[in-house]
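Overview (structure and organization)
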Amino acid sequence: MPNFTEKHPYPGKLFIVEGIDGSGKSTQVQLLRKWLEAEGYSVFFTEWNSSALVKDTTKMGKKKKSLTPTTFSLLHATDFADRFFYYILPPLKAGQIVLADRYAFTAFARDVCRGVHPKWVRKLYNFAARPDISFYFKVPIQTAIERILRARAKIKYYEAGMDLGLSHDIVDSFRLFQGSVLKEYDQLTDEYGLSVVDATLDINEQQEAVRATVTKALEGYSIKRRTYGRKKNVFWRRFAVPSAR
Amino acid sequence: MAAKKTYFGDGLPYRPLGNLKGKLIAIEGTDGVGRTTQIDLLREWIELQGYAVLETGWTRSNLMSRAIEAAKMGNMLDRMTFSLLYATDFADRLENEIIPALEAGFVVLADRYIYTAFARDWMRGKDRQWIEDVFGFAVVPDLICYLRIDIENLVPRVIESGGMNYWESGLDLHLGEDLFESFKKYQEGMIHAFDDMAERFSFEVIDARRPVDEIQKDLRVKIAPLLEKKKVENAPIPLKAEGSAS
């Protein structure tokens, strides 16, 4: 079993991105994915809170607002475990590249701000593999708010930590809650050696920095090209496709 | 006997336990040992003394029961994912039912507790530390009664009471060549796991090979001091049905 406190022993590579909502990390990880695929790597991508198993439950709990800090944290851990053992560990063991939009650090930062024990949440995720590189997209709170409001004009309830009763105003609550999340990320940067990216820079500048770091991490890593099992048209790729007439 | 409640591990920092008036009593034991029968009788007896009782089981929370059923149906989960589902379910009940009931002075009867989760997880993996860490937010019970049975006595009981199911037989583990062998090996392992915990977690071990009323009597002797009314332990035991393993 992997162990979060040490380097994972698998032949694959695990790169993850972290940051508060509005830091632009999802954009960056998609650009990274595109580039890696174009370079001929086999890339697997997974994102936070997306497994079918607990998605409905999380949604229901959020809707009824009946989640406590601990059930909130455990639901995300369950979702993560489900994805980890199905989508992250197998490709890692098979020597492929896995990209994750948010990882255990999201739980370490957010759940602790919600009030769970920092030691407990770290032990909870101890089954996870430690990433090869963890990018942290660092952004001032005001920039994040502006980006979110520009993109979808609305901040979500839990994203703003409204369940904590910090403020009745959602933007205010976001500022307070995500402000404390930022502090936790700073702490995690020291604790786990996250690679900090200045998320106020232009998108392409950030991406350049990310690609440079990844290139370095891939030195000596052999490309596993996809030759088999790529949908049904793989067979025809080797022969001329007979035309209809 | 007003021992202060403590958390099993790291606990819930946002919910200090303070002075919970109620009593938390966990009844542990393998499948088919007769926990439910005993809990029904205990409830009667405790309520007659004027204490309000909250019964709580394993997998009964509103939040999670559907997800757990769905997961069992699919039979495709990793052990840790499964353990986390149960932990989430338990956390929901703990914070929304058990702790509030203890605050209000209820006697909480838990039909299985975290030790069942430990035993099941250990059956499916080697590292014991992780699962105990995960349940670090649990409240340590005032009393843990372990209904102990051996496999020779358990098997006929379970067959008489309607057979063995997939999970109780640990079929996901492929322990034996058929349902019966698998059930036997799995339950033997569970009994072993409980025995192993008995000393570490100070279980009160109760010999469950005996008739229902004898087991009940023992349980009452153990529980009476918590209720601070010692004389009532001799009240008659209303037996519903005779004949389970005498």
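So, here is what we can say about the structure in this document. Quantities reported herein were computed from a predicted structural model and do not represent experimental measurements. Each chain carries its own residue numbering, running from 1 in the written order of its sequence. Numbering of ligands from 1 and lettering of chains from A proceed in the order in which they are written. Totals for whole chains, interfaces and linings use all residues, but because this is a predicted model, local features are given only for residues with pLDDT of at least 70 and pairs of side-chain atoms are given and counted only at 80 or more.

This part covers the overall build of chain B. Helix numbers and strand numbers start at the N terminus; a helix is a DSSP run of H or I with at least 4 residues, a strand a run of E with at least 2. Secondary structure summary: chain B contains eight helices and five strands in total. For chain B, the N- to C-terminal ordering of α and β elements is β-α-β-α-α-β-α-α-β-α-α-β-α. Exposure is read from a count of other C-beta atoms within 10 Å of each residue's own; the residue is exposed at 12 or fewer, buried at 20 or more and partly exposed in between. C-beta atoms are placed from the backbone. Here chain B holds 246 residues, and 38% of them are scored as buried. The contact rule is simple: place each C-beta atom from the backbone, and if two of them lie within 7 Å, those residues are in contact. Once local pairs closer than 6 in sequence are excluded, the contacts in chain B between residues at least 24 apart make up 79%.

With that settled, consider the overall build of chain A. On a plain count of helices and strands, chain A comes out with nine helices and five strands. Reading the secondary structure of chain A in the N-to-C direction produces β-α-β-α-α-β-α-α-β-α-α-β-α-α. Within chain A, the fraction of its 245 residues that count as buried is 41%.

A separate point is the interface of chain A and chain B. Each partner contributes residues to the interface: chain A has 25 residues there, and chain B has 27 residues. Contributing elements (two or more residues each) for the side of chain A that touches chain B: α2 (52-64), α3 (69-93) and α5 (118-124) of chain A. For the side of chain A that touches chain B, the leading source of residues is α3 of chain A, giving ten residues. Following the grouping adopted for this structure description, the nonpolar residues are Ala, Val, Leu, Ile, Met, Phe, Trp, Tyr, Cys and Pro, the charged ones are Asp, Glu, Lys and Arg, and the polar ones are all others, Gly among them. Residue classes in the side of chain A that touches chain B are distributed as twelve nonpolar, ten polar and three charged.

What follows covers the sheet that holds strand β5 (residues 204-207) of chain B. Strand-to-strand pairing in sheets goes through backbone hydrogen bonds, with the strands running parallel or antiparallel. All names here are of chain B. On the basis of which strands lie adjacent, the open sheet formed by five strands has the order β2-β3-β1-β4-β5 and parallel pairing. In the strand order of this sheet, the two ends are held by β2 (53-56) and β5, each with one partner. Ignoring strand direction, the axes of neighbouring strands in this sheet form an average angle of 20 degrees. The pairing criterion for strands is at least two bridges between them, as found by DSSP. Bridge count for strand β1 (residues 23-28) against strand β3 (residues 107-111) is five bridges, and the pairing is parallel. Bridging from a neighbouring strand, Ile27 pairs with Asp111 of β3. With respect to the sheet, helix α1 (residues 35-48) is in contact with β1, β2, β3 and β4 (143-148), its orientation differing from that of β3 by roughly 175 degrees. Where helices are involved, their axes are fitted lines through C-alpha atoms of the stretch in contact, as for all axes, and angles between N-to-C directions lie from 0 to 180°.

Residue and element names in this part refer to chain A. With eleven of eleven residues buried, helix α4 (residues 104-114) lies mostly within the body of the structure. Burial in α4 covers these residues: Ala104, Phe105, Thr106, Ala107, Phe108, Ala109, Arg110, Asp111, Val112, Cys113 and Arg114. Elements in contact with the buried residues of α4: β1 (13-18), α3, α5, β4 (133-138) and α7 (170-192). Residue Gly115 follows α4 closely and has a positive phi angle near 120 degrees.

Moving on to α7 of chain A. Residue and element names in this part refer to chain A. With 23 residues, α7 should cover 33 Å at 1.5 Å per step; its first-to-last C-alpha distance of 31 Å lies within 8% of that length. At its buried positions, α7 is contacted by α4, β4 and α6 (141-152). Following α7 by one or two positions, Gly193 adopts a phi angle in the positive range, close to 60 degrees. Multiplying 1.5 Å by the residue count of a helix minus one yields the expected span of that helix.

The relative placement of two packed helices comes down to the angle between their axes together with the axis-to-axis distance. All names here are of chain B. As a packed pair, helix α6 (residues 151-160) and helix α7 (residues 179-200) sit with axes 11 Å apart at the nearest point and diverge in direction by 130 degrees. It follows that α6 is oblique to α7 by the angle criterion. For the pair α6 and α7, the crossing hand works out as right-handed. Residues Ile151, Leu154 and Val155 of α6 pack against Lys184, Gln187, Glu188 and Ile191 of α7. Across the contact of α6 with α7, the residue classes break down as four nonpolar, one polar and two charged. Angle categories: roughly parallel below 35 degrees, roughly antiparallel above 145, roughly perpendicular from 65 to 115, and oblique for all the rest. Should the near helix be turned anticlockwise from the far one by less than a right angle, the crossing is left-handed, and should it be turned clockwise, the crossing is right-handed.

All names here are of chain B. The element β3 is extensively covered by neighbouring structure, given that four of its five residues are classed as buried. In the sheet, β2 pairs with β3 via four bridges, with the strands oriented parallel. Directly across from Val53, in β3, lies its bridge partner Val107.

Along the chain, Tyr115 of chain B falls in helix α4 (residues 114-124). Classification of Tyr115 of chain B by C-beta neighbours within 10 Å gives buried; the count is 23.

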